[in-house]
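# Structure at a glance
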Amino acid sequence: MLIKKISAKFSLVYFSIFIVIGINAPFFPLWLSSKGFTERYIAIILAASVLTKLLANPFFAGLGDKYGNRKIPMLYLSFISIIILFSLNIFNSLYLIAFMAITSWALFAPLMPLTESLTTTAIKKYNFDYGNTRLWGSVSFIIIAFFGGIIIEKYGLKYVPILMTIGALFLFLSIVIMPTIPS
């Protein structure tokens, strides 16, 4: 029973991460376009966002290793991501939006490898099925991309950051209830 509860908590983390990714991947470039970015600058923003992973992922994983608890940086990263994603609809400056978009990805991207690391550590300790746990991320991506598309089509692209913010909020809450596994 304990193992199923722990597996379910990790499943919820994956589910929540992919709420954000399921909106970001198909709809964020469209939202950037609606804010006035050209295709070239959208490509630059997306490339810079991916490039930040090269620095952010090892940096935040290192913090988790330094303090022996990867859950701590995950809480901070997800909380700050909530604030940045929420504020994307507030500003109209293209430079500020570009900076915030890149920063939000630099903070959000490390959450996946940190989750993977914690999950594999927990599997060694509690012996649960990785595939069944990780499956919920894929399920979430499909569900949110489909229903997110319906919401965005009906209410407009302004809901892209709102839906990502909701996903980041769910992620923060799922990390709170996730067990602390020393790294």
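Anything mentioned here points back to the structure above.
First things first, this report covers the structure right here in the doc. What you see is a predicted model, and the numbers here were worked out from it, not measured in a lab. (Residues numbered from 1 in each chain as written. Predicted model: local features only at pLDDT ≥ 70, side-chain atom pairs only at ≥ 80, totals over all residues. Heavy atoms only, no water.)

### Re helix α3 (residues 71–87)
The following threshold applies: To qualify as a helix, a DSSP run of H or I must reach at least 4 residues; to qualify as a strand, a run of E must reach at least 2; elements of each kind are numbered from the N terminus. Expected span of a helix: the number of residues minus one, times 1.5 Å. Think of it in three bands: with a 1.4 Å probe and only protein chains considered, a residue is buried below 20% of the maximum accessible area for its type, exposed above 50%, and partly exposed in between. Residues are treated as being in contact if the distance between any of their heavy atoms lies within 4.5 Å.
Compared with an ideal rise of 1.5 Å per residue, which puts 17 residues at 24 Å, α3 spans 25 Å between its outermost C-alpha atoms and is within 8% of the ideal. Residues of α3 that are buried include every one of K71, P73, M74, L77, S78, S81, I82, I84, L85 and S87, and no others. At its buried positions, α3 is contacted by α2 (39–67), α4 (94–108), α5 (111–126) and α7 (159–177).

### Comments concerning the packing of aromatic side chains
Put simply, the rule reads: Aromatic pairs are defined between Phe, Tyr and Trp rings, using the six-membered ring for Trp, whenever the two ring centres lie within 6.5 Å; interplanar angles under 30 degrees are classed as stacked, those over 60 as edge-to-face, and all others as tilted. For a Lys NZ or an Arg CZ to count as sitting over a ring, it must be within 6 Å of the ring centre and within 35 degrees of the ring normal.
As enumerated under the stated definition, the model contains seven aromatic pairs in all. On the basis of an interplanar angle of 80° and a centroid distance of 5.0 Å, the ring pair of F59 and F60 is categorised as edge-to-face. Consider the rings of F146 and F147, whose centres lie 5.0 Å apart with planes at 85°: the pair is edge-to-face. On the basis of relative accessibility, which here comes to 47%, the residue F147 falls in the partly exposed class. Over the ring of Y41 we find R40, and its NZ or CZ is 5.8 Å from the ring centre.

### Some points on the nonpolar core
Defined as follows: Residues belong to a common nonpolar core when they are buried Ala, Val, Leu, Ile, Met, Phe, Trp, Tyr or Cys residues joined through side-chain atoms within 4.5 Å.
F10, I17, F28, L32, F108 and V160 are the most contacted members of the largest nonpolar core, which has 52 residues in total. Residue contributions to this core peak at 14 residues, all from helix α1 (residues 2–34).

### Some details on the environment of L173
Following the sequence through the fold, L173 ends up in helix α7. Through-space distance from the C-alpha of L173 to that of S16 is 9.1 Å; in sequence the pair is 157 residues apart.

### With respect to the pattern of salt bridges
Let me state the cut-off plainly: Salt bridges, as used here, are contacts in which a Lys or Arg side-chain nitrogen is within 4 Å of a carboxyl oxygen on Asp or Glu.
Per the stated rule, a full pass over the model turns up two salt bridges. The partner of R70 in a salt bridge is D65, and the shortest N-O contact between them spans 2.2 Å. Assessed through its relative accessible area of 13%, R70 is described here as buried. What makes D65 partly exposed here is its relative accessible area of 42%.

### Remarks on a nonpolar patch on the surface
Here is the rule: Note that patches include only residues with greater than 30% relative accessible area and no salt bridge, and the join distances are 9 Å for like charges and 5 Å for nonpolar side chains (Val, Leu, Ile, Met, Phe, Trp, Tyr). What sets the accessible areas is the Shrake-Rupley method with a 1.4 Å probe; for residues, cover comes only from the shown protein chains.
A cluster of nonpolar side chains, I72, Y76, F79, I80 and I83, forms an exposed patch at the surface whose accessible area comes to about 490 Å². As for its placement among the helices and strands, F79 is situated in helix α3.

### Some points on unusual backbone geometry
In this structure, N127 takes a positive phi of about 55° despite not being glycine. Checked against the element boundaries, N127 lands in the loop between α5 and α6 (130–155).

### Focus on the packing of α2 against α4
Counted only if it meets this: Orientation is described by axes fitted as lines to C-alpha atoms, over the contacting stretch for helices, and by angles from 0 to 180 degrees between their N-to-C directions. Left-handed is the label given to a crossing in which the near helix is rotated counterclockwise from the far helix by less than a right angle, and right-handed is the label when the rotation is clockwise. Any residue that is not Ala, Val, Leu, Ile, Met, Phe, Trp, Tyr, Cys, Pro, Asp, Glu, Lys or Arg is counted as polar, Gly included; the first ten are nonpolar and the last four charged.
Taken N-terminus to C-terminus, the directions of α2 and α4 make an angle of 35°; their axes are 7 Å apart at the nearest point. When you trace α2 past α4, the crossing you get is right-handed. Along its contact with α2, which presents I45, A48, S49, V50, T52, K53, A56 and F60, the element α4 presents A98, A101, I102, W105, A106 and L107. Taken together, the residues of the contact of α2 with α4 break down into eleven nonpolar, two polar and one charged.

### Remarks on the side chain of T115
Along the chain, T115 turns up in helix α5. With a relative accessible area of 0%, T115 lands in the buried category. Ignoring sequence-local partners within four residues, the contact set of T115 consists of V13, Y14, I17 and M74.

Read these as layout, nothing more, since geometry by itself doesn't imply function.
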